[in-house]
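Close look at the chain arrangement
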Amino acid sequence: MWRLVVFLVSGLLIGRLSAIGRERLRQVETERADLANLTRLSQAFLSDTTRESLLGVAADRLGNALQAKHVSVLLGDAAGKLDVRASTSRFDVRQDLADIAYRQGNSAAFPSDLGGTDIYLPIPVGVQRAGVLVARGMASSDRMAEGCAVLLGLAIERERFVRLEREAEETKTSDQMKSTLLAALAHDLKTPVAAARAAVENWAEEAGGSPMSRLAVDQIQALTRRIGELMDVVRLDSGLARPRREIVSAAEVVEAALVRFGDALSRHALFLDVPRQEIRLDVDPSQLTEALGHGLENAARYSPAGTEIRVSAAALDGRALLRVADRGPGIPASEQERVMEHFVRLPQAASLPGTGLGLSIAKSLVEMNGGALRLSEAPGGGTLFEIDLPEPA
Amino acid sequence: MSRILVADDEAAIRKVVRDALEKAGHDVETAIDGEEAISLFESAAFDLIVTDLNMPNVDGLELVRRIRRSSVLPVLVLTVRQEEREKVRLLDAGADDYVTKPFGVAELLARARALLRRGHAGSTPLNRFGDIEVNPEARTVVRNGQGVHLTPTEFSLLVTLLGKPGAVWTHRQLIAAVWGSAAGVSSDTLRVHMGSLRRKLETDPDRPKFIRTEPWVGYRFSPEG
């Protein structure tokens, strides 16, 4: 009798224990399969270097890993709008649940009408979210789905870094190429002109300054200036002429511009109005001198000899203003913006030398240094050329 | 007649510089880069070196440094615009002057002439220019027969400039000469003193003839006006 009882009890116990053992074994096997799936998924994600190829196959891979009927990946755009970017098949995503997962980071899981689970999971990227992973009729565990979402977030983040690095590398390479090309072009243009100029000047001296030799010297000097301007425009348009800023005083900029471009003003009455107290500027000194110089040249070229040209510097409400005012015919208000474009010249200036590049160069240079260039009517008539810069803190 | 060494990697520039200097009566040797210039400099005596800044192998700046290790031979450098910082480095490294490409022949010859004159005469300080007369011992300045009052700093600046007629000075060099190199004097301070010196000596201080500004580099004293 006793033996029978012991036999029964131990039989029951053993049956129960082996049921527990089998269940454990099944769990371990599921977990091992999940782990293998995650590993395969991460390897697959790592081999994708572009967002297109990553998203192109992500849904199918996730579908396999999660043993789901449908999988969709929704990503937020720059404006924060969620869009389906990859999908195993067309199905309706519940927008309300996707939004909650995306905006608040809360996941939702519930029994699916397709069997298994429907789940909405945020795709984490750092403390932010890149989008939402949606699986319908999923047989895998919620934990497996979370693992997949984390993996997807990492893959998206990795792809972004790879892309940024590649872009930076491409910009660098193309900048270097442009810069080399420009230097070669400048060199190829300037060297023969410099040699020609010196040769012509040598010859002109021998010719004893005959009218013909003077004409040749004048023309080659004009050509030199034009080439310089053209190179400036090309350099500015290429985006390579980045300012090398430092703190300088407005007085120094005015002084430098007068030295470099002052010869053009020899036929005018020059008035300087630069206050003794320092006005500081945070600019590339060469570029700003150049910009102001174009204002001086413009004033000298388009106003009659003997009239006054007023150069001033002033500080006003945290702004620094550098001005050149002439007593010429002025520029009609309707044309004041347009003459600052490349190659634009007023009809009344057609008979005078010039390419119409000076003001556009000045405008680019000033803007590059964080300022604005304005043309307006000078008080009492004529043109007011005004460079407006923020004073450094 | 002076012996001049011209270093430039551009054949065309070498030719026109050589022609201009030879026509002015000088004896010219040329080098195609800084390396050749150094070996010529070491093997023969010259009165002046005219060198390009951008050359392969040894560039102009390096050439100036090498020459200054053993010699005070005047060096004139050919630079291009937008190399203002380079100019300051050249001058601080010991170059005597520069001309900016594309330069005029007259300008090149004038600079070369001034350097040769200074080289031959040593540096004879000047005490008269334009209508101005300076007596360094008595520390007086007379302009058009009228006494001009200068502050001690202004006077010291003027005497420094007179010591090297035609020379270009960087801010740093002038500050070192007038205040002593240890002094923490800024370019702004220098500019203020220069401004008042100009107002006392120049007919049109806004377009100075004698004490000229070299943009972003410093000043040049041109006694010929």
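Residues numbered from 1 in each chain as written. Chains lettered and ligands numbered in written order. Predicted model: local features only at pLDDT ≥ 70, side-chain atom pairs only at ≥ 80, totals over all residues.

Before going further, it helps to examine the overall build of chain A. Secondary structure summary: chain A contains eight helices and twelve strands in total. Per-residue burial for chain A yields a buried fraction of 33% across its 393 residues. For chain A, the proportion of contacts with a sequence separation of at least 24, taken over those separated by at least 6, is 65%. (Helix = DSSP H or I, 4+ residues; strand = E, 2+ residues; numbered from the N terminus. Buried ≥ 20, exposed ≤ 12 C-beta atoms within 10 Å, placed from the backbone. Contact = placed C-beta atoms within 7 Å.)

The number of helices and strands found in chain B is eight helices and twelve strands. By the burial criterion, 38% of the 225 residues in chain B qualify as buried. Nonlocal contacts in chain B, meaning residues at least 24 apart in sequence, comprise 57% of its contacts between residues at least 6 apart.

Glancing now at the packing of helix H6 (residues 250-261) of chain A against helix H7 (residues 285-302) of chain A. Residues and elements named next belong to chain A. Close contact between H6 and H7 brings their axes to 8 Å; oriented N to C, the two are set at 60°. On the basis of the axis angle, H6 is oblique to H7. Like other packed secondary-structure pairs, H6 and H7 cross with a definite hand, here right-handed. In contact with Val 253, Val 254, Ala 256, Ala 257, Arg 260 and Phe 261 of H6, H7 contributes Pro 285, Leu 288, Thr 289, Leu 292, Gly 293, Leu 296 and Glu 297. Among the residues forming the contact of H6 with H7, the class breakdown is nine nonpolar, two polar and two charged. (Axes fitted to C-alpha atoms, helices over the stretch in contact; angles between N-to-C directions. Parallel < 35°, antiparallel > 145°, perpendicular 65-115°, else oblique. Left-handed = near helix turned anticlockwise from the far one by under 90°. Nonpolar A, V, L, I, M, F, W, Y, C, P; charged D, E, K, R; others polar.)

Attention now goes to the sheet that holds strand E8 (residues 140-143) of chain B. By definition, the strands of a sheet pair up through backbone hydrogen bonds, in either a parallel or an antiparallel sense. All names here are of chain B. Taken together, four strands build an open sheet; the order of strands is E6-E7-E8-E9 and the sheet is antiparallel. Here the strands that pair on one side only, and so sit at the sheet edges, are strand E6 (128-129) and strand E9 (146-148). Bridge analysis of E8 against E9 gives three bridges, and the strand direction is antiparallel. When the sheet's bridge partners are listed, Val 141 is paired in E9 with Val 148. (Pairing = 2+ DSSP bridges.)

Residue and element names in this part refer to chain A. Spatially, the five strands line up as an open sheet ordered E7-E9-E10-E12-E11, and their pairing is mixed. On the outer flanks of this sheet lie strand E7 (269-273) and strand E11 (372-377), each paired with one strand and no other. For this sheet, the mean inter-axis angle between neighbouring strands, taken without regard to orientation, is 15°. Relative to strand E10 (residues 319-325), strand E9 (residues 308-316) is paired through seven bridges, and the arrangement is antiparallel. Paired with Ala 313 across the two strands is Leu 322, which belongs to E10.

With that out of the way, let us pick up the interface of chain A and chain B. Contact with chain A, which involves 26 residues of that partner, is made by 21 residues of chain B. For the side of chain A that touches chain B, the secondary-structure elements that each account for two or more residues are helix H4 (142-206), H6, E7 and H7 of chain A. Ranked by residue count, the leading element in the side of chain A that touches chain B is H4 of chain A, at eleven residues.

Residues and elements named next belong to chain B. One can find Leu 161 in helix H6 (residues 152-162). As for Leu 161 and Phe 221, which are separated by 60 residues in sequence, their C-alpha atoms are 6.1 Å apart. When sequence neighbours within four positions are dropped, the list of residues in contact with Leu 161 reads Ile 211 and Phe 221.

Backbone geometry places Asp 317 of chain A, a non-glycine residue, at a positive phi of 50°. If you trace the backbone, Asp 317 of chain A turns up in the loop between E9 and E10. With phi around 65°, Trp 216 of chain B is a residue other than glycine that occupies positive phi space. Note on Trp 216 of chain B: 22 C-beta atoms within 10 Å, which makes it buried.

In this section: the pairing of E8 of chain B. Residues and elements named next belong to chain B. Pairing of strand E7 (residues 132-135) with E8 involves four bridges; the strand directions are antiparallel. Residue pairing in the sheet places Asn 135 in a bridge with Thr 140 of E8. Counting the residues that bridge the hairpin from E8 to E9 gives two residues, and of these Asn 144 lies at a positive phi of roughly 55°.

In this section: H6 of chain A. All names here are of chain A. With twelve residues, H6 extends 16 Å from end C-alpha to end C-alpha; this agrees with the ideal 16 Å at 1.5 Å per step. Burial analysis of H6 places eleven of its twelve residues in the buried class, which makes it a mostly covered element. Within H6, the full set of buried residues consists of Ala 250, Ala 251, Glu 252, Val 253, Val 254, Glu 255, Ala 256, Ala 257, Leu 258, Arg 260 and Phe 261. (Expected span 1.5 Å × (residues − 1).)

Moving on, we get to the nonpolar core. The biggest cluster of nonpolar side chains holds 104 residues, and the ones touching the most others in it are Ala 250, Val 253, Val 254 and Leu 292 of chain A together with Leu 5, Ile 49 and Val 50 of chain B. Excluding residues that lie within four positions of it along the chain, Val 50 of chain B makes contacts with Ile 4, Val 6, Val 17, Leu 76, Leu 78 and Ala 112 of chain B. Listed in part, the 34 residues of the second largest apolar core include Val 73, Leu 75, Leu 152 and Ile 156 of chain A. (Core = buried A, V, L, I, M, F, W, Y, C linked by C-beta atoms within 7 Å.)

Turning our eyes to something else, we now look at the environment of Gly 293 of chain A. All names here are of chain A. On the secondary structure map, Gly 293 appears in helix H7. For the pair Gly 293 and Val 259, spaced 34 residues apart in sequence, the C-alpha separation works out to 9.3 Å. Setting aside residues up to four positions removed in sequence, Gly 293 forms contacts with Ala 257, Arg 260 and Phe 261.

On to helix H7 (residues 171-179) of chain B, then. All names here are of chain B. Every buried residue belonging to H7 is among His 171, Leu 174, Ile 175 and Val 178, and all of these are buried. One side of H7 carries all its buried residues, which in axial view fall inside an arc of 100°. Looking at the residues trailing H7, positive phi occurs at Gly 180, about 90°. (Arc of directions from axis to C-beta.)

Further remarks concern the packing of H4 of chain A against helix H5 (residues 211-237) of chain A. In a pair of packed helices, the angle between the axes and the distance between the axes together describe the arrangement. Residue and element names in this part refer to chain A. Put simply, H4 and H5 touch, their axes get as near as 9 Å, and they point 165° apart. In terms of their interaxial angle, H4 and H5 are classed as roughly antiparallel. In this structure, H4 meets H5 at a crossing whose hand is left-handed. Between H4, through Leu 182, Ala 186, Leu 189, Lys 190, Val 193, Ala 196, Arg 197, Val 200, Glu 201, Trp 203 and Ala 204, and H5, the contact on the second element is made entirely by Ser 213, Arg 214, Ala 216, Val 217, Ile 220, Gln 221, Leu 223, Thr 224, Ile 227, Met 231, Val 234 and Arg 235. Broken down by class, the residue content of the contact of H4 with H5 amounts to 15 nonpolar, three polar and five charged.

The next point concerns the confidence of the model for chain B. Residues and elements named next belong to chain B. Put simply, chain B has an average pLDDT of 88, and 96% of its residues get 70 or more. The secondary-structure element of chain B with the lowest mean pLDDT is helix H5 (residues 105-121), recorded at 84, while strand E1 (residues 3-7) shows the highest, at 96. Note on the complex model: pTM 0.62, ipTM 0.70. (pLDDT = per-residue confidence, 0-100.)

With that out of the way, let us pick up the environment of Gly 225 of chain B. Residues and elements named next belong to chain B. Mapped onto the secondary structure, Gly 225 falls in the segment after strand E12 (218-221). Residue class for Gly 225 comes out partly exposed when judged on the 13 C-beta atoms lying within 10 Å of it. Measuring from C-alpha to C-alpha, the distance between Gly 225 and Lys 209 comes to 4.7 Å, with 16 residues separating the pair along the chain. Setting aside chain neighbours within four positions, we find Gly 225 in contact with Gly 130, Lys 209 and Phe 210.

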